[in-house]
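Structural characterization, general
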There are 2 protein chains.
Amino acid sequence: MNVIPAQVGSTIDEIDTPALIVDLDAFEHNLHKLAGFSRSAGVRLRPHAKTHKCPTIALKQVAAGAVGQCCQKVGEAEALVRGGVRDVMVSNEVVGMPKLRRLAALAADATVALCFDAKEQVDAASRAATEFGVTLGGLVEIDVGMQRCGVAAGNAASDLARYIADAPGLRFRGLQAYHGTAQHLPSFAQRERAITDAASAVRTTIDALEHNGIICEVISGAGTGTFALEGTSRIWNELQAGSYVFMDTEYARIGGKEGGLYTEFRHSLFVLATVMSVPTADRAIVDAGLKSYSGEKGPPWVHNREDVEVVGVSDEHGKLKVGPKAERLRMGDKVMLIPGHCDPTVNLHDWYVAVRAGRVQALWPITARGASS
Amino acid sequence: MNVIPAQVGSTIDEIDTPALIVDLDAFEHNLHKLAGFSRSAGVRLRPHAKTHKCPTIALKQVAAGAVGQCCQKVGEAEALVRGGVRDVMVSNEVVGMPKLRRLAALAADATVALCFDAKEQVDAASRAATEFGVTLGGLVEIDVGMQRCGVAAGNAASDLARYIADAPGLRFRGLQAYHGTAQHLPSFAQRERAITDAASAVRTTIDALEHNGIICEVISGAGTGTFALEGTSRIWNELQAGSYVFMDTEYARIGGKEGGLYTEFRHSLFVLATVMSVPTADRAIVDAGLKSYSGEKGPPWVHNREDVEVVGVSDEHGKLKVGPKAERLRMGDKVMLIPGHCDPTVNLHDWYVAVRAGRVQALWPITARGASS
């Protein structure tokens, strides 16, 4: 059990570091912005819990209008249902009877669905649902350009949908049509082309389903980088964005519609770090490294400090270059870092420290931290 | 609380995935190889717990001849002392009274030391030790070429050593002289040059200490990439290698003395993953991504499968290219992945699943997982 990094009422300076901070003003701005967009676009919002891994946040999203949550792992679904979420969709394939039984067991307390891209997955899920006397929703994942999981659009998808519809204990719900790689394409024009192509794959599949008399309620997909495209497409009717509540440098760098940074949402997630060494005037070392933020998308950005840059990252340290225009950094100073990639960063922490007006307002447990099975 | 991935006696196929596997034969080979080297070189071995974060492994290292452990964080020291390790050195600066009090509290049950590179750190540690009525060992960290923390070699180091020696509650023990960046230099010749330079910085400092009549018991440093250099230098008398028990692709790629891969130690750490989708004959998707292994050193390698390669990594998925010479991968097949970087990979998991001859022999809790404060 790790030390809890703060108490409600603590000032920023009193927070033990490294700590994962949520700026509540920015977080709530993001929460309501996407909820408002979804409402006015007339699409359902089912935010992705793979990002936050926290039922407290899930319930806030539901209170703001979301229909439920999606997640990638059975362990995340367990944390969500235990935490009071009543509609959970695993936007992913689930393989192996132990996992499928855990998922079926949740369906006694919540509406539960999962995705398929092969008949043998359907057979196994049907067996688990039947054993537990429950119904699991089933979506066909189609490959809309990501070349990861998913069957081909059109007849292959329609055949699998029929197979799900006929399987005891399962109910065919619709299509999982998420284009993951499109989210991070570095220009709006590229993202638009990718989603246009994806839309045509979905349309082909809808036609095949209609031709075979299969009712398809849900077309689910979209992420933080493309939600406005799917949301106004009149094809997708459910949005799965997750990172929008937090943002990160990878999303900021994809660029907005008119160039510059992507500023649809505000940065609300930070790793708070402390200066632990100041060996030279132009170098400061902070106490947070690869075990406090993930590094595969490059070093974090330093928030709200002019001319200070993270130039080196190791397991437990961040090396800061303090430029000539910067205010000098002193031992014990606190620095807010914007992570490169929010999802794997969150997965390193046990608590969110929720902050407003310089004070800790709440501690939210990240109950699905490490729930990768 | 996450699901425990296996039971003692389970076969590999019964292990729930993703799971962190320790191959006991390879692990014990590594354990005894470095212990044997240290014994014959006449240097103390103080393996780094930042790698394994597990008192069970620490006690095995001590049983094999190590004098204790080093670690980077107070939370790791707490886990080690609670787990029965009786000599712990924090090879890092510790800033802030809350952390220093936690460390001082441990000194009632164990020999505890920490590193310094500034006088204000010494003042604070002295205060904490005095409050708790204990003695903390103190080492001066010198910069031997890494340009991270540490004072300059020579007189600056000697001044700080004197300051520690004079501080109530502290006892000057020696020098922390670790060259982190040297560990991963891509040729043996480069590593040798870096450690030669480091040795000269240490020698300068030893001379300054002697000149000032300060006794220096410990010269601690070295890692998995350079241990043989420091170990035979007649300067360092304590080795801090950590990754040697596990290895990873980053270490394998640094190259051996005669070129090729670096094969001083065997790969003993794996992420076990399950094939969850086989969309095409040449593509298989496994259920382990960036939340099960860290990605900043590139994708993991596939162990013991010809012509299968990880070509894409996302948060919860690994995309495998199955080449023409590969055995076909089927849904549910298990794959062993060698992580790019062992330390941050371990920090994602709650349990080691220790395996020998295809059976689970033990489950070791990673009690310092997430202990970054």
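Definitions and cut-offs
Sequence order sets the numbering: in each chain, residues are counted from 1 along the sequence as written. Written order decides the labels, with chains lettered from A and ligands numbered from 1. In keeping with the predicted nature of the model, local features appear solely for residues at pLDDT of at least 70, side-chain atom pairs appear and are counted solely at 80 or more, and the whole-chain, interface and lining totals rest on all residues. To obtain the side-chain values, all non-hydrogen atoms of the structure were included, while hydrogens and water were left out. Helix numbering and strand numbering both begin at the N terminus, where a helix is a DSSP run of H or I of at least 4 residues and a strand a DSSP run of E of at least 2. Radius of gyration here is computed from C-alpha atoms only, and the compact-globule reference equals 2.2 Å multiplied by the residue count raised to the power 0.38. For every residue, the accessible area (1.4 Å probe, protein chains only) is compared with the maximum for its type, and the residue is labelled buried under 20%, exposed over 50%, or partly exposed between those bounds. Residue contacts follow a heavy-atom distance rule, with two residues in contact if any of their heavy atoms lie within 4.5 Å. Using the Shrake-Rupley algorithm and a 1.4 Å probe, accessible areas are obtained, with residue cover drawn only from the displayed protein chains. Just so you know, the count uses Lys and Arg for positive and Asp and Glu for negative, and it drops His and the chain ends. Taken as the charge centre is NZ of Lys, CZ of Arg, CG of Asp or CD of Glu, depending on the residue. When DSSP finds two or more bridges between a pair of strands, those strands are recorded as paired. Least squares is the method used to superpose the copies, on C-alpha atoms of residues holding a pLDDT of at least 70 in both. Note on geometry: axes are C-alpha line fits, over the in-contact stretch for helices, and angles between N-to-C directions span 0 to 180 degrees. Each residue carries a pLDDT value, the predictor's own confidence for that position, ranging from 0 to 100. Summed over both partners, the accessible area (1.4 Å probe) lost when two parts come together is defined as the buried area. Think of a salt bridge as a Lys or Arg side-chain nitrogen and an Asp or Glu carboxyl oxygen that are within 4 Å of each other. Polar contact criterion, stated in full: a pair of N or O atoms within 3.5 Å, where within protein one must be able to donate a hydrogen and the other to accept it, and residues adjacent in sequence count only if both atoms are side-chain atoms. Three residue categories are used. Nonpolar comprises Ala, Val, Leu, Ile, Met, Phe, Trp, Tyr, Cys and Pro, charged comprises Asp, Glu, Lys and Arg, and polar comprises the others, including Gly. Each Phe, Tyr or Trp ring, with Trp reduced to its six-membered ring, pairs with another whose centre is within 6.5 Å; inter-plane angles below 30 degrees give stacked pairs, above 60 give edge-to-face pairs, and intermediate values give tilted ones. Two conditions define a charge located above a ring, namely a distance within 6 Å from the ring centre to NZ of Lys or CZ of Arg, and an angle within 35 degrees of the ring normal. We call two directions roughly parallel when the angle between them is under 35 degrees, roughly antiparallel when it is over 145, roughly perpendicular when it lies between 65 and 115, and oblique otherwise. Working rule for handedness: look at the near helix, and if it is turned counterclockwise from the far one by less than a right angle, call the crossing left-handed; if clockwise, right-handed. Residue count minus one, scaled by 1.5 Å, sets the expected span of a helix. Every crossover in which the path from the first strand over the helix to the second runs clockwise, viewed with the strands pointing away from the viewer, is termed right-handed.

1. Side note on the overall build of chain A
The secondary structure content of chain A amounts to 11 helices and 17 strands. In terms of overall size, chain A behaves like a compact globule, its C-alpha atoms giving a radius of gyration of 22 Å where 373 residues would be expected to give roughly 21 Å. Once the C-alpha set of chain A is aligned to its principal axes, its extents read approximately 70 × 45 × 35 Å. A buried classification covers 62% of the 373 residues belonging to chain A. Partitioning the contacts of chain A with sequence separation of at least 6, the portion at a separation of at least 24 is 69%. Surface accessibility of chain A: about 13,400 Å² in total, with carbon and sulfur atoms responsible for 49%. Across chain A, the 39 positively charged side chains and the 42 negatively charged ones have centroids separated by 2 Å.

2. Side note on the pairing of strand β13 (residues 308–313) of chain B
Residues and elements named next belong to chain B. Pairing of β13 with strand β14 (residues 318–322), which is carried by five bridges, proceeds in the antiparallel orientation. Considered in β14, the bridge of V308 is made with V322. Between the antiparallel neighbours β13 and β14 lie four residues.

3. Some thoughts on the environment of P279 of chain B
Mapping P279 of chain B onto the fold places it in strand β10 (residues 269–280). Taking the C-alpha atoms as reference points, P279 of chain B and V355 of chain B, separated by 76 residues in sequence, lie 31 Å from one another. Beyond its immediate sequence surroundings of up to four residues, P279 of chain B is in contact with R148, C149 and G150 of chain A together with I285 of chain B.

4. Quick notes on the relation of the copies chain B and chain A
Superposition of chain B onto chain A requires a rotation of 180° combined with a translation of 0.0 Å along the rotation axis, giving an RMSD of 0.0 Å. The two molecules are tied by a two-fold rotation axis, judged by turn and shift. Closest approach to the rotation axis within chain B is made by the C-alpha atom of E296 of chain B, at a distance of 2.0 Å. In this assembly, 100% of the residues forming the interface of chain B have copies in chain A that are likewise at the interface, indicating an isologous arrangement.

5. Looking at the sheet that holds strand β6 (residues 136–141) of chain B
Residue and element names in this part refer to chain B. An order of β2-β9-β8-β7-β6-β5-β4-β3 is seen for the eight strands of this open sheet, with the pairing classed as parallel. Looking at strand neighbours, the two that pair on one side only are β2 (44–45) and β3 (69–71), the edges of this open sheet. Here three bridges tie strand β7 (residues 170–176) to strand β8 (residues 218–221), and the two strands are oriented parallel to one another. Paired with L175 across the two strands is I219, which belongs to β8. Relative to β6, helix α7 (residues 155–166) is tilted by about 170°, and along the sheet it contacts β5 (111–116), β6 and β7.

6. Some points on the confidence of the model for chain A
Mean pLDDT for chain A: 97, with 100% of residues reaching 70 or above. If you check the scores for this complex, the pTM reads 0.98 and the ipTM reads 0.97.

7. Some remarks on the interface of chain B and chain A
On the chain A side, the residues contacting the 58 residues of chain B number 58 residues. With both chains or domains summed, chain B and chain A bury close to 4,600 Å², and 48% of this area falls on carbon and sulfur atoms. The tally of links between chain B and chain A comes to 12 salt bridges. Its salt-bridge partner being D350 of chain A, residue R369 of chain B comes within 3.0 Å of it at the nearest N-O pair. In this assembly, chain B and chain A are joined by 36 residue pairs in polar contact (both at pLDDT 80 or more). Counting residues per element, the ones that place at least two in the side of chain B that touches chain A are α4 (74–82), β4 (87–93), α5 (97–106), α6 (119–132), β10, β11 (283–286) and α11 (342–346) of chain B. When grouped by side-chain class, the residues that make up the side of chain B that touches chain A number 16 nonpolar, 19 polar and 23 charged.

8. As for the packing of aromatic side chains
A full pass over the atoms with the stated rule returns 14 aromatic pairs over all chains. Taking the centre distance of 5.0 Å and the plane angle of 90° together, the rings of F37 of chain B and F227 of chain B count as edge-to-face. On the criterion of sequence distance, the pair formed by F37 of chain B in helix α1 (residues 24–41) and F227 of chain B in helix α9 (residues 227–231) is long-range, its members being 190 residues apart. For the pair formed by F37 of chain B and F227 of chain B, the shared burial category is buried. By way of ring pairs, the aromatic residues F27, F246, Y352 and W364 of chain A are connected into one cluster. One residue, K33 of chain A, lies across the ring of F265 of chain A, its end atom 5.7 Å from the ring centre.

9. Here's the deal with helix α5 (residues 97–106) of chain A
Residue and element names in this part refer to chain A. Most of α5 is tucked away: seven of the 10 residues are buried. Among the residues of α5, those classed as buried are M97, K99, L100, R102, L103, A104 and L106. Where α5 is buried, its residues meet α4 (74–82), β4 (87–93), β5 (111–116), α6 (119–132) and β6 (136–141).

10. Concerning the packing of α5 of chain B against α6 of chain B
Residue and element names in this part refer to chain B. Put simply, α5 and α6 touch, their axes get as near as 9 Å, and they point 45° apart. With respect to each other, α5 and α6 are oriented oblique. α6 is crossed by α5, and the crossing has right-handed handedness. In this structure, α5 contributes M97, L100, R101, A104 and A105 to the contact, and α6 contributes A124, A125, R127, A128, A129, E131 and F132.

11. A closer look at the packing of α6 of chain A against helix α7 (residues 155–165) of chain A
Residue and element names in this part refer to chain A. Remark: α6 packs on α7, axes separated minimally by 10 Å, with the N-to-C direction vectors making an angle of 15°. Considering their axes alone, α6 and α7 lie roughly parallel with respect to each other. Between α6 and α7 the crossing geometry is right-handed. Contacts between α6 and α7 involve K119, V122 and D123 on the former and, on the latter, L160, Y163 and I164. For the contact of α6 with α7, the residue count by class is four nonpolar, no polar and two charged.

12. Topic: the sheet that holds strand β3 (residues 69–71) of chain A
Residue and element names in this part refer to chain A. Read from one edge to the other, the open sheet built from eight strands follows the order β2-β9-β8-β7-β6-β5-β4-β3, with strand pairing classed as parallel. The strands lining the two open edges of the sheet, one partner per strand, are β2 (44–45) and β3. In this sheet, strand β9 (residues 238–239) lies alongside β2 in parallel orientation, the contact comprising two bridges. Across the sheet, the residue bridging to R44 is E238, located in β9. In the packing of helix α8 (residues 188–211) onto the sheet, contacts are made with β7 (170–176) and β8 (218–221), and the angle to β7 comes to roughly 150°.

13. Regarding α6 of chain B
Here α6 of chain B spans 20 Å end to end across 14 residues, near enough to the 20 Å set by a 1.5 Å rise per residue. Looking only at α6 of chain B, the buried set comprises Q121, V122, A124, A125, S126, A128 and A129 of chain B.

14. Re the environment of R266 of chain A
All names here are of chain A. Its location among the elements puts R266 in the loop between α10 (249–253) and β10 (269–280). Each C-alpha atom, one on R266 and one on G213, is 44 Å from the other, the two residues being 53 residues apart in sequence. Residues in contact with R266, not counting those within four places in the same chain, are D25, A26, H29, N30, F246 and M247.

15. A short note on the pairing of β4 of chain B
Residue and element names in this part refer to chain B. Across the seven residues that make up β4, a large majority, six, are buried. Relative to β4, β3 runs parallel, the two being bridged by three bridges. Bridging from a neighbouring strand, C71 pairs with V90 of β4. Note on the crossover from β3 through α4 to β4: the handedness is right-handed. As paired elements, β4 and β5 share five bridges and run parallel to each other. Bridge pairing in β5 places V88 opposite V112.

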